[in-house]
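Spelled out, the chains give:
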Amino acid sequence: MTPEVLVEISDLNFSYNSRPILKGINMTMKRGQVIAIMGGSGSGKTTLLRLIGGEVVPSSGYVKVSGQVVHELERDALFEIRRKMGMLFQFGALFTDLSVFDNVAFQMREHTDLPESMIRDLVLMKLHAVGLRGAHHLMPAELSGGMARRVALARSIALDPMLIMYDEPFTGLDPISLGVIGSLIRRMTDTLGMTSVIVTHDVQESLKIVDYVYFIADGVIAAHGTPAEVRDSVTPFVHQFVHGEVDGPVPFHYPAQSYRRDLNLEKALV
Amino acid sequence: MFKHLAASIRGIGHRTIEGIWQLGHATRFFLLVLLKSGTSFRRFGLVIRELYYVGVLSLIIIVVSGLFVGMVLGLQGYETLQKYGSESAVGTLVALSLVRELGPVVAALLFASRAGSAITAEIGLMKATEQLAAMGMMAVDPVARVVAPRFWAGVISMPFLAAIFSVMGVFGGYLVTVTFIGVDAGSFWSQMQSNVDFRIDILNGFIKSCFFGVAVTAIAVFEGYDSPPTAEGVSGATTRTVVTSSLAILGLDFILTAFMFRGL
Ligand SMILES: Nc1ncnc2c1ncn2[C@@H]1O[C@H](COP(=O)(O)OP(=O)(O)OP(=O)(O)O)[C@@H](O)[C@H]1O
Ligand SMILES: [Mg+2]
């Protein structure tokens, strides 16, 4: 059985104010897969998720989700397809005027006619999965960063979507919750046959659970492969990323003039 | 020299065009909110929740200010009227000034700084923390779910707040003139009753407050929704809400008064 393609990205280009961010991205994501997108800070990973969700429109190329070109959809059709997507925002984006419980229940109340007793059970189950059932009565302001992120995770899986995008789900988590959340994502993807896209910097943890990895650098896909291929890769770029080396093709610094000159040391030397 | 002149003229032109753009933008947004108000009425609970934050929480400032404004009116009115021996008309004076002008206008100004700024700040912060984007990604329209209920809550609260302001003001005037100064209570009330007309005074005051409610809340939700998603962006938008809606209230008041009482 060949798994069905859920997301197809073809020759995708995108610029912010005529500054190109993504240049000719091609990806395919199948049902039942967990896909990791890695790349330096500011390389356009969040932007890529926004493009998949139809929040921004590409300058050329397209994103297809279950056969439909996202940016060509009418508003109603776009909302229809978004009901089947979940997105974990990089900074959580919990509704600050609603409690943890109401945050997770939000989509169920907006989109379904489920009776309140069933919503209660479902919400508690989702919160239980992220280890926060006991915190259901708290307000977002009373949560720690890692807890807020886990609530946001529970909220994004509330309606069992077919595609979930996680923007850095592991940041701010202790090693224990990190392992639990990682295997939760894997398990959900397998049992529900959904597709998970994880933007992450946590190379070691994500290599344990993902099926495929894309590396983005300078707006293009610099490398891609299965975790085994990535681990053994001799490509300098991938090697540097996986082993966290400072020296290599990926610069740590944002382009700038020489450090010595910035500190006014250069002149004194001459 | 010439360059400076050209630059400043260009600056003026630029700002004018910018302003007109912004006005068009705001009008479009206003129409969008009206268009997407269906949800607010189908699920009136959303509006009721906001009525609490927008209306009920504004009550204190409205009640206290109304009382004081009425007391001052009573004092000033009495001082002037007694020179002509017609201090029994003080009830009429207090009631007419409140119902026609001060009630709607001052209540709206207070409402703009109390509730309008809060609406702007809340929507702006929801935008800055990506809550609105998250809502959109959950296939829930933030204009229908967040903006429209707040808009209608403001529109509904404003006439009530203005009425409460006027009632408290009349009570304040009564306190000062009848209870403390000793004007005859019977003539205070009977003069007021015979001189305040329901259609000309009360209804027109009510219509004014409706206009103010729409103006203030429309400005507040627009500024919040349009604010740059940063801390300075939100604080700037909050200030603009108070300034713009105060000017809008006073400008509208002049236009409405001209139509209502001069029969233009
Ligand atoms: N609203 C915006 N307007 C203009 N430029 C933007 C905007 N949002 C992001 N950018 C730019 O687009 C680039 C990619 O941003 P993006 O948020 O996709 O990065 P990222 O890969 O998610 O980074 P990180 O790992 O730090 O989250 C950045 O260089 C950023 O400066
Ligand atoms: Mg990001």
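Up top is the structure.
Here goes a summary of the coordinates provided. The structure presented is a predicted model; accordingly, all values stated were derived computationally and were not measured.

Criteria and cut-off values
Residues numbered from 1 in each chain as written. Chains lettered and ligands numbered in written order. Predicted model: local features only at pLDDT ≥ 70, side-chain atom pairs only at ≥ 80, totals over all residues. Heavy atoms only, no water. Helix = DSSP H or I, 4+ residues; strand = E, 2+ residues; numbered from the N terminus. Rg over C-alpha atoms; globule rule 2.2 N^0.38 Å. Contact = heavy atoms within 4.5 Å. Areas by Shrake-Rupley, 256 points an atom, 1.4 Å probe, with all protein chains shown as cover. Lys, Arg positive; Asp, Glu negative; His and termini not counted. Charge placed at Lys NZ, Arg CZ, Asp CG, Glu CD. Salt bridge = Lys/Arg side-chain N within 4 Å of Asp/Glu carboxyl O. Core = buried A, V, L, I, M, F, W, Y, C linked by side-chain atoms within 4.5 Å. Buried < 20%, exposed > 50% of the residue type's maximum accessible area, 1.4 Å probe, protein only. Axes fitted to C-alpha atoms, helices over the stretch in contact; angles between N-to-C directions. Parallel < 35°, antiparallel > 145°, perpendicular 65-115°, else oblique. Left-handed = near helix turned anticlockwise from the far one by under 90°. Nonpolar A, V, L, I, M, F, W, Y, C, P; charged D, E, K, R; others polar. Donors = N, O, S within 2.8 Å, 3.2 Å for Na, K, Ca; no water. Phe/Tyr/Trp six-rings, centres within 6.5 Å; stacked < 30°, edge-to-face > 60°. Lys NZ or Arg CZ within 6 Å of the ring centre and 35° of its normal. Near = heavy atom within 4 Å. Polar contact = N/O pair within 3.5 Å; in protein donor to acceptor, adjacent residues only side chain to side chain.

**Section: the overall build of chain A**
Then comes step 1: Of the regular secondary structure elements, chain A holds 11 helices and 10 strands.
Then comes step 2: For chain A, whose C-alpha radius of gyration is 20 Å, the value lies close to the compact-globule estimate of 18 Å for 270 residues.
Then comes step 3: Its C-alpha atoms give chain A principal-axis dimensions of about 75 × 40 × 40 Å.
Then comes step 4: Considering only contacts within chain A whose residues lie at least 6 apart along the sequence, 63% involve residues at least 24 apart.
Then comes step 5: With the model as given, the accessible surface of chain A reaches about 13,300 Å², and the carbon-plus-sulfur share is 54%.
Then comes step 6: Separation of charge centres in chain A, based on 25 positive and 30 negative side chains, amounts to 2 Å.

**Considerations on the pattern of salt bridges**
Then comes step 1: The full count for this structure, using the stated rule, is 23 salt bridges over all chains.
Then comes step 2: Between R50 of chain A and E55 of chain A there is a salt bridge whose closest N-O contact spans 2.6 Å.
Then comes step 3: For E110 of chain A, the salt bridge goes to R145 of chain B, with nearest N and O atoms at 2.5 Å. Of this pair, E110 of chain A sits in helix α3 (residues 100–111) while R145 of chain B sits in helix α7 (residues 142–181), each in a different chain.

**Comments concerning the nonpolar core**
Then comes step 1: In terms of nonpolar packing, the biggest core is built from 92 residues, with I9, V65 and L163 of chain A touching the most fellow members.
Then comes step 2: Listed in part, the 50 residues of the second largest apolar core include L94, I119, V123 and F215 of chain A.

**Side note on the packing of α3 of chain A against helix α4 (residues 116–129) of chain A**
All names here are of chain A.
Then comes step 1: Running from N to C, α3 and α4 point in directions that differ by 120°, and their axes come no closer than 9 Å. When the axis of α3 is compared with that of α4, the two are oblique. The handedness of the crossing between α3 and α4 is right-handed. Counting all contacts with α3, which are made through V100, F101, V104, A105, M108 and R109, the residues of α4 involved are E116, I119, R120, L122, V123, L124, K126 and L127.
Then comes step 2: The residue makeup of the contact of α3 with α4, split by class, is 10 nonpolar, no polar and 4 charged.

**Digging into the coordination of the magnesium ion (ligand 2)**
Then comes step 1: Every protein donor of the magnesium ion (ligand 2) is accounted for by T46 of chain A (OG1) and Q90 of chain A (OE1), and the metal-donor separations fall at 1.9 to 2.3 Å. In this pair, T46 of chain A sits in helix α1 (residues 45–52) while Q90 of chain A sits in the loop between β6 (85–88) and α3, placing the two residues 44 residues apart along the sequence.

**Comments concerning the packing of aromatic side chains**
Then comes step 1: For the structure shown, the criterion picks out 13 aromatic pairs over all chains.
Then comes step 2: Look at F30 of chain B and F151 of chain B: their rings are 5.8 Å apart centre to centre, the planes differ by 75°, and that puts the pair in the edge-to-face class. Taken as a pair, F30 of chain B in helix α1 (residues 2–35) and F151 of chain B in helix α7 lie far apart in primary sequence, 121 residues in all.
Then comes step 3: For F30 of chain B, a relative accessible area of 27% translates into the label partly exposed.
Then comes step 4: Classification of F151 of chain B as buried rests on a relative accessible area of 2%.
Then comes step 5: Here a set of aromatic residues connected by ring pairs shows up, and it is made of F30, F41, F44, F151 and W152 of chain B.
Then comes step 6: The residue whose ring lies beneath R155 of chain A is F95 of chain A, and the NZ or CZ to ring-centre distance is 4.6 Å.

**Observations regarding the site of ligand 1**
Residues and elements named next belong to chain A.
Then comes step 1: By nearness alone, 13 residues border ligand 1, and S41, G42, K45, T46 and T47 come closest of all.
Then comes step 2: Within the side chain of K45, a nitrogen or oxygen atom sits 2.7 Å from an oxygen atom of ligand 1.
Then comes step 3: In this structure, T47 approaches ligand 1 through a side-chain N or O atom, which is 2.5 Å from an oxygen atom.
Then comes step 4: Computed on the free molecule, ligand 1 has an accessible area of 640 Å², of which 65% lies beneath the protein chains in the complex.
Then comes step 5: If you list the elements that add at least two residues to the shell around ligand 1, you get β2 (19–30) and α1.
Then comes step 6: Top element by residues in the shell around ligand 1 is α1. It accounts for 3 residues.
Then comes step 7: Of the residues contributing to the shell around ligand 1, the split by class is 2 nonpolar, 8 polar and 3 charged.

**Observations regarding the environment of M165 of chain A**
Then comes step 1: On the secondary structure map, M165 of chain A appears in strand β7 (residues 163–167).
Then comes step 2: Along the sequence, M165 of chain A and R50 of chain A sit 115 residues apart, while their C-alpha atoms lie 9.5 Å from each other.
Then comes step 3: In contact with M165 of chain A, other than residues within four places in its own chain, are L49, I52, G53, M85, G86, M87, L88 and V197 of chain A together with M137 of chain B.

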